[in-house]
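# Secondary and tertiary structure notes
The chain contents come next:
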Amino acid sequence: MDARVSSGVFTSNHVPFLSNLQPRKLQTLRSISTLNNTKNIHPLSNVSFHLCTTSSSRSHGFKQVVNISKDNSCEFELSTLTALSPLDGRYWGKVKDLAPYMSEYGIIYFRVLVEIKWLLMLSQIPEVIEVPSFSAEARSYLQGLIDGFSMDDALEVKKIEGVTNHDVKAVEYFLKQKCQSQPEIAKVLEFFHFACTSEDINNLAHALMLKEAMTKVMFPTMDKLIEAICKMAKANASISMLSRTHGQPASPTTLGKEMAIFAVRLSREMQEISRVKMMGKFAGAVGNYNAHLVAYPKSNWPQIAEEFVTSLGLAFNPYVTQIETHDYMANLYYAIIRFNNILIDFDRDIWGYISLGYFKQITKAGEIGSSTMPHKVNPIDFENSEGNLGKANEDLTYLSMKLPISRWQRDLTDSTVLRNMGGGLGHSLLAYKSALQGIGKLQVNEARLSEDLNKAWEVLAEPIQTVMRRYGVPEPYEKLKELTRGRAVTKERIREFIEGLELPEEAKSDLMKLTPHSYVGAAIELAKTVDSAVNVINGSEVFETIR
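The rules behind each value
- Residue positions are given per chain, counted from 1 along the sequence in the order it is written.
- For this predicted model, a pLDDT threshold of at least 70 governs which residues receive local features, and a threshold of 80 or more governs which side-chain atom pairs are given and counted, while totals over whole chains, interfaces and linings are taken from all residues.
- Excluded from the side-chain calculations are hydrogens and water; all other atoms, namely the structure's heavy atoms, are used.
- UniProt positions are given in the numbering used here, feature names are shortened, and annotations may be inferred rather than shown by experiment.
- Secondary structure follows DSSP: runs of H or I at least 4 residues long count as helices, runs of E at least 2 residues long count as strands, and numbering of each begins at the N terminus.
- Exposed residues in this analysis have more than 50% of their type's maximum accessible area, buried residues have under 20%, and partly exposed residues fall in between, with area computed by a 1.4 Å probe over protein chains only.
- Contacts are assigned to residue pairs that have any heavy atoms within 4.5 Å of one another.
- In short, Shrake-Rupley with a 1.4 Å probe defines the accessible areas, and a residue's cover is counted only from the protein chains shown.
- Only the contacting stretch of a helix is used when fitting its axis, a line to C-alpha atoms as for every element, and angles between N-to-C directions run 0 to 180 degrees.
- Should an angle lie under 35 degrees it is considered roughly parallel, over 145 roughly antiparallel, and from 65 to 115 roughly perpendicular; all remaining angles are considered oblique.
- For any helix crossing, the convention is left-handed if the near helix is rotated counterclockwise from the far helix by under a right angle, and right-handed if that rotation is clockwise.
- For this scheme, ten residues count as nonpolar: Ala, Val, Leu, Ile, Met, Phe, Trp, Tyr, Cys and Pro. Four count as charged, namely Asp, Glu, Lys and Arg, and the remainder, Gly too, count as polar.

If you check an unreviewed UniProt entry, the chain appears there as Adenylosuccinate lyase from Hibiscus trionum. We quote the UniProt Sequence similarities (unreviewed entry) comment for the chain here in full: "Belongs to the lyase 1 family. Adenylosuccinate lyase subfamily."

Structure (structure tokens):
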């Protein structure tokens, strides 16, 4: 049986805790017949495709139209070949870690958890005498329903939903069925989902899904990415590189320092993401505890709700309508978008450095770069990363803009949108892993870096005119502009110019020692100390959350 990030399907081969389940038989690709004349049948499972050249097809502007034969068509089984989303198909192996949290299975599991935890909470409220404190045996039974929740259980909930046409009510009925055999719990079955609206359950489930997905999957991968870039920075701290501003040669830097910039930027944004508090509400149909107060008017329901929400590790939102306002989700997604934008910048810079020859890519036996140009070794990992970051940002932007908006005390538009949370995270995760894979293939080409520096002696115009300013030489900028702007500048010409300057001998000697390779300022030290900079930004609290 399958469970996917966006389609809601897992397989026992993909997720370790499903290994005891019977795997689903997936349809295989049958032999494809040879094309014959104008009617050609391709048996894919039991589906036939026909290439038609009828006048009706030409009327639509196409020479050939593919039609599915009504006689031979059947419903496709979900597999990597038939999944509508590439996350659930082609890229499943790279994003499946999100499936336990962001899939249909995930939302059902966390609904079950919330419903059970609420019943346990009710048993601790003195005024709710109808639900006495459970024995250790009863509590263990309920916890066992959470800990042992399986794919078969999730399928049973879906079977019930097929009758109720209501996903949350299906969970309630499932739990009532499961608990009929436990004497203590059987007496209080009607207190499952007590005083709850569906959104009381759903909003907490969604918050827990996000919290677990971020903590268990996204943060560790972000951390690996930052660590990999930090290693690049330190390993290349002393490798001089010609800078380019506006695409033109500029004051030299080091390759390592440029990598350090991205490590620090990504660390800063990861800290912002980690600061977003997942929030929850538990205030009934319109956020006022209406039913609660009618049933038990002496209970402090706002306080009870806060204790319940925070017991799940979430922050409490007391001012709500029927739904939690989703503002924290917008904050979270916008923060991830900013992280992704920085990584897009990184991907494009690395792409450019590869194009300049500053990096070579380690080739893998059997891989092909181009179907027609055998020599090609394309920067596909960074291109894949950039493309998926763009897709992720598009999804996350829509979620951020839509979810905080709901008509009056609530409309249902957020419900279908929330089912797509896995998409933005999935494409982000795929992008992070692609960038990591690309980083692992890079080899620095020091000869190419040196070649460009040796051709750019004009970049020493900046330090020369700056020293001239210090010692009062008239019109230093203008003189260097006349020497260098739009002209080929050689080592000899620069040194001849320095020799003719009226400067103290020590200053002149220092300028004579300068080369494009050595004129890198504090770049080496900045690159070498990148770990300290990252640790200062993140602090121990963030890394404890991640690890």
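Bringing the overall build of the chain into the picture now. What the chain contains, in helices and strands, is 23 helices and 8 strands. Taken across its 547 residues, the chain has 48% of its residues classed as buried. Of the contacts made within the chain by residues no fewer than 6 positions apart, 74% connect residues no fewer than 24 positions apart. Surface summary for the chain: the accessible area is close to 27700 Å², and the carbon and sulfur share equals 52%.

With that out of the way, let us pick up the packing of helix 4 (residues 104–122) against helix 9 (residues 198–235). The description of two helices packed together rests on the angle between their axes and the distance between the axes. Viewed as axis vectors pointing N to C, helix 4 and helix 9 meet at an angle of 120°, and their least axial separation amounts to 8 Å. Regarding the angle of helix 4 to helix 9, the classification is oblique. In terms of crossing hand, the pair formed by helix 4 and helix 9 is right-handed. In this structure, helix 4 contributes Gly-106, Ile-107, Phe-110, Arg-111, Leu-113, Val-114 and Glu-115 to the contact, and helix 9 contributes Ile-201, Asn-202, Leu-204, Ala-205, His-206, Leu-208, Met-209 and Glu-212. Looking at the contact of helix 4 with helix 9 residue by residue, the class counts come to 9 nonpolar, 3 polar and 3 charged.

A separate point is the environment of Ile-273. Residue placement: Ile-273 occurs in helix 10 (residues 255–275). Between the C-alpha atom of Ile-273 and that of Asn-331, which follows or precedes it by 58 residues, the distance is 8.2 Å. Sequence-distant contacts of Ile-273, defined by excluding residues within four places in its chain, comprise Met-214, Phe-219, Met-222, Leu-332, Ala-335, Ile-336 and Phe-339.

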